[in-house]
Amino acid sequence: MDINDVASKFEINEAIENSAPLGNGHINVTYLLTTVSGKKYVLQKINTVAFKNVDGLMDNMQKVTGFLMSRNEETLELIKTKEGQYFYRDESGCYRIYKYIDNVICYEGVTNLEAVYNTAKAFGKLHKSLKEFPADTLCEVIPNFHNTKARYDALLKSIELDAAHRVKEVPNEIAEAKKHAELYSLLIDAINNGEIPLGVTHNDPKINNILFDEKTNAARAIIDLDTIMPGSYLYDFGDALRSLFTGQYEDTTDLTKVHVNYDVFEAYARGYLSEMKDVLSKKEIELLPFSVFLLTAELVVRFLTDYLDGDVYFHTAYPEHNLVRTRTQIKLMNDIYDNLSSIKLFLNRIMRIKDLQLSYSLT
Ligand code: ADP
Ligand code: GN1
Ligand code: MG
């Protein structure tokens with residue numbers, strides 16, 4: 001892609017002086033653009049392997065950001081194209097531009113508990129705000145995105161196909177992914193039989209999808225809104241803690257750094273429940289610890305599937321990258337499984353605390 005050419009299609013009306021890769025996302029290609037007068041924008045090439053329905057995706061994003069803006073909540077601000085569209089498409093791909101949110105920090109892992117608490121509160125607030133949003137106006141951007149059972153079935157198919165001839169290398173990882181397979185349909189069954197409701201959820205609540213104010217450490221904006229769609233609150237709770245427990249990066253080979261951390265769990269649970277305690281049902285609260293296990297198992301399955309498919313979905317920097325990520329998540333999945341009863345008891349104690357607010361001092 002020619003960055004200047006793409007940028008010239010949008011309502012920026014200035015030349016771009018500088019462009020540089022931004023962040024560590026696994027899906028889109030992201031650049032920070034700086035104009036000659038010093039204004040900053042984010043340009044993204046949307047991943048059309050992951051997102052087949054870009055029109056639906058951008059329609060969801062525009063509706064949700066418009067709704068949040070109308071409530072004065074900071075969110076991504078899309079820049080329209082000169083033709084009044086929210087993205088630009090040519091033969092090389094699909095592109096969008098937002099305003100760069102400045103004076104922020106983007107963490108790749110837990111560096112302080114205050115950020116964890118603030119992240120959780122921000123997701124709690126988002127869930128609560130979006131209860132007022134008409135969920136039926138959103139499309140399902142990626143069908144069955146967090147249907148762990150469907151993800152597992154896709155893994156079984158990939159094992160059978162063995163497209164990249166890698167099955168023989170990974171018998172242990174396949175065995176790990178299969179070990180708890182009987183649990184993979186528990187949440188989706190509960191949703192399908194009406195025991196667990198759907199709300200509007202983010203569906204990708206990794207810590208690097210939150211921007212923190214560099215001065216106050218408050219969670220300023222939740223970004224990466226590609227997968228905003230109807231979903232269970234448990235998806236976001238489980239996936240956020242999965243990401244936080246993973247450590248600094250998902251591709252670490254130092255597996256001693258990947259484990260359940262009760263301080264992190266407490267900070268996240270308190271922050272989230274301080275907003276959502278009265279919204280969640282008894283059944284949802286009961287399943288919060290399980291959701292952390294399930295979403296971690298789902299990532300084991302997804303990274304391993306992509307490794308076996310020949311790295312067609314997640315961006316990879318080297319041939320074993322998805323395998324390394326699979327192993328990180330296996331370590332975490334097993335640790336969460338072994339700790340499930342203790343996490344449940346721990347959560348019960350947190351639920352009895354009257355004032356869930358926490359104040360941390362940054363050191
Ligand atoms: P991906 O879907 O590939 O993860 P993201 O939308 O999460 O892409 O963007 C990748 C990274 O770019 C983020 O983790 C963040 O560091 C940075 N980023 C994206 N949008 C903005 C923005 N509007 N302002 C500041 N930083 C941003
Ligand atoms: C992807 O886009 P990014 O890097 O925030 C993925 C998530 C995974 C995550 C694992 C649309 O998130 O579902 O949990 O990688 N996003 C999509 O790091 O598939
Ligand atoms: Mg991201």
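Everything that follows concerns the structure shown earlier in this document.
Now for a description of the structure that goes with this document. This is a predicted model, so every value here is computed, not measured.

A short note on the site of ligand 2
Here comes step 1: Taken together, 18 residues sit near ligand 2, with His26, Lys206, Glu250, Arg302 and Tyr313 positioned nearest.
Here comes step 2: Taking His26, its main chain carries an N or O atom lying 2.8 Å from an oxygen atom of ligand 2.
Here comes step 3: Tyr313 places a side-chain nitrogen or oxygen 2.5 Å from an oxygen atom of ligand 2.
Here comes step 4: Coverage of ligand 2 by the protein amounts to 98% of the 440 Å² it exposes when considered alone.
Here comes step 5: Where the shell around ligand 2 is concerned, the elements lending two or more residues are helix H7 (233-246) and helix H9 (282-309).
Here comes step 6: For the shell around ligand 2, the element with the highest residue contribution is H9, accounting for 3 residues.
Here comes step 7: In the shell around ligand 2, the residues fall into 7 nonpolar, 4 polar and 7 charged.

So, the site of ligand 1
Here comes step 1: Around ligand 1 there are 20 residues in total, and Asn28, Gln44, Ile101, Asn208 and Asn209 lie nearest to it.
Here comes step 2: Between ligand 1 and the protein, one listed contact pairs an oxygen atom with a side-chain N or O atom of Asp224 at 3.0 Å.
Here comes step 3: For ligand 1, the accessible surface in isolation is 550 Å², of which the surrounding protein chains cover 96%.
Here comes step 4: The residue makeup of the shell around ligand 1, split by class, is 9 nonpolar, 8 polar and 3 charged.

Concerning the pattern of salt bridges
Here comes step 1: Inspection of every chain in the model, using the stated rule, returns 22 salt bridges.
Here comes step 2: Measuring nitrogen to oxygen at the nearest pair gives 3.0 Å for the salt bridge that ties Glu275 to Lys121. Of this pair, Glu275 sits in helix H8 (residues 262-276) while Lys121 sits in helix H3 (residues 113-129), and the two are 154 residues apart along the sequence. When sorted by exposure, Glu275 lands in the same class as Lys121, which is buried.
Here comes step 3: A salt bridge links Arg220 to Asp213; its shortest N-O distance comes to 3.3 Å.
Here comes step 4: A relative accessible area of 24% places Arg220 in the partly exposed class.

As for the coordination of the magnesium ion (ligand 3)
Here comes step 1: At this site the magnesium ion (ligand 3) is bound by Asn209 (OD1) and Asp224 (OD), with donor distances of 2.2 Å. With Asn209 in the loop between strand E8 (199-201) and strand E9 (210-213) and Asp224 in the loop between strand E10 (219-222) and strand E11 (229-231), this pair connects stretches of sequence that are 15 residues apart.
Here comes step 2: Take Asn209: its relative accessible area is 5%, and that puts it in the buried class.
Here comes step 3: For Asp224, a relative accessible area of 21% gives the class partly exposed.

Observations regarding the packing of aromatic side chains
Here comes step 1: Following the criterion strictly, the structure yields 14 aromatic pairs and no others.
Here comes step 2: Pairing Phe265 with Phe346 gives two aromatic rings, centres 6.1 Å apart and planes at 55°, and the pair type is tilted. Placement of the pair is Phe265 in helix H8 and Phe346 in helix H10 (residues 321-351), with a sequence separation of 81 residues. Neither residue differs from the other here; Phe265 and Phe346 are each classed as buried.
Here comes step 3: Taken together, Phe237, Tyr262, Phe265, Tyr268, Tyr272 and Phe346 form an aromatic cluster joined through their ring pairs.
Here comes step 4: Above the ring of Tyr307, the side-chain terminus of Arg166 is found at 4.1 Å from the ring centroid.

What about the sheet that holds strand E7 (residues 104-105)?
Here comes step 1: Spatial strand order, E7-E9-E10: 3 strands in an open sheet with antiparallel pairing. Two strands in the sheet have a free side with no partner beyond their single neighbour: E7 and E10.
Here comes step 2: The sheet contact formed by E9 and E10 spans 3 bridges and is antiparallel. Along E10, the bridge assignment pairs Phe212 with Ala219.
Here comes step 3: H3 contacts E9 and E10 of the sheet and is inclined by roughly 120° relative to E9.

Let's talk about the side chain of Asn28
Here comes step 1: The topology assignment puts Asn28 in the loop between strand E1 (16-21) and strand E2 (29-35).
Here comes step 2: Looking at Asn28, the relative accessible area reads 9%, which means it is buried.
Here comes step 3: Separated by 2.9 Å, the side chains of Asn28 and Asp226 make a polar contact.
Here comes step 4: When residues no more than four places from it in sequence are discounted, the contact partners of Asn28 are Gln44, Lys45, Ile46, Asn47, Phe51, Arg96, Asp226 and His315.

Considerations on helix H2 (residues 54-70)
Here comes step 1: The end-to-end C-alpha separation of H2 is 24 Å, in line with the 24 Å expected for 17 residues at 1.5 Å each.
Here comes step 2: Along H2, the residues classified as buried are Val54, Gly56, Leu57, Met58, Asn60, Met61, Val64, Thr65, Phe67 and Leu68.
Here comes step 3: Buried residues belonging to H2 abut strand E3 (40-46), strand E4 (78-79), strand E6 (93-99), H3 and E11.
Here comes step 4: Backbone geometry just after H2 places Asn72 at a positive phi near 60°.

Let's talk about helix H4 (residues 148-161)
Here comes step 1: Look at H4: 20 Å from first C-alpha to last across 14 residues, which is about the 20 Å you get at 1.5 Å a residue.
Here comes step 2: The set of residues buried in H4 consists of Thr148, Arg151, Tyr152, Leu155, Ser158 and Ile159. The arc that holds every buried residue of H4, seen down its axis, measures 115°, which confines them to one face. Opposite its buried face, H4 presents the exposed residues Lys157, Glu160 and Leu161, each directed more than 90 degrees away.
Here comes step 3: Once H4 ends, the next one or two residues include Asp162, with phi positive near 50°.

Cut-offs applied
Residues numbered from 1 in each chain as written. Chains lettered and ligands numbered in written order. Predicted model: local features only at pLDDT ≥ 70, side-chain atom pairs only at ≥ 80, totals over all residues. Heavy atoms only, no water. Near = heavy atom within 4 Å. Polar contact = N/O pair within 3.5 Å; in protein donor to acceptor, adjacent residues only side chain to side chain. Areas by Shrake-Rupley, 256 points an atom, 1.4 Å probe, with all protein chains shown as cover. Helix = DSSP H or I, 4+ residues; strand = E, 2+ residues; numbered from the N terminus. Nonpolar A, V, L, I, M, F, W, Y, C, P; charged D, E, K, R; others polar. Salt bridge = Lys/Arg side-chain N within 4 Å of Asp/Glu carboxyl O. Buried < 20%, exposed > 50% of the residue type's maximum accessible area, 1.4 Å probe, protein only. Donors = N, O, S within 2.8 Å, 3.2 Å for Na, K, Ca; no water. Phe/Tyr/Trp six-rings, centres within 6.5 Å; stacked < 30°, edge-to-face > 60°. Lys NZ or Arg CZ within 6 Å of the ring centre and 35° of its normal. Pairing = 2+ DSSP bridges. Contact = heavy atoms within 4.5 Å. Axes fitted to C-alpha atoms, helices over the stretch in contact; angles between N-to-C directions. Expected span 1.5 Å × (residues − 1). Arc of directions from axis to C-beta.

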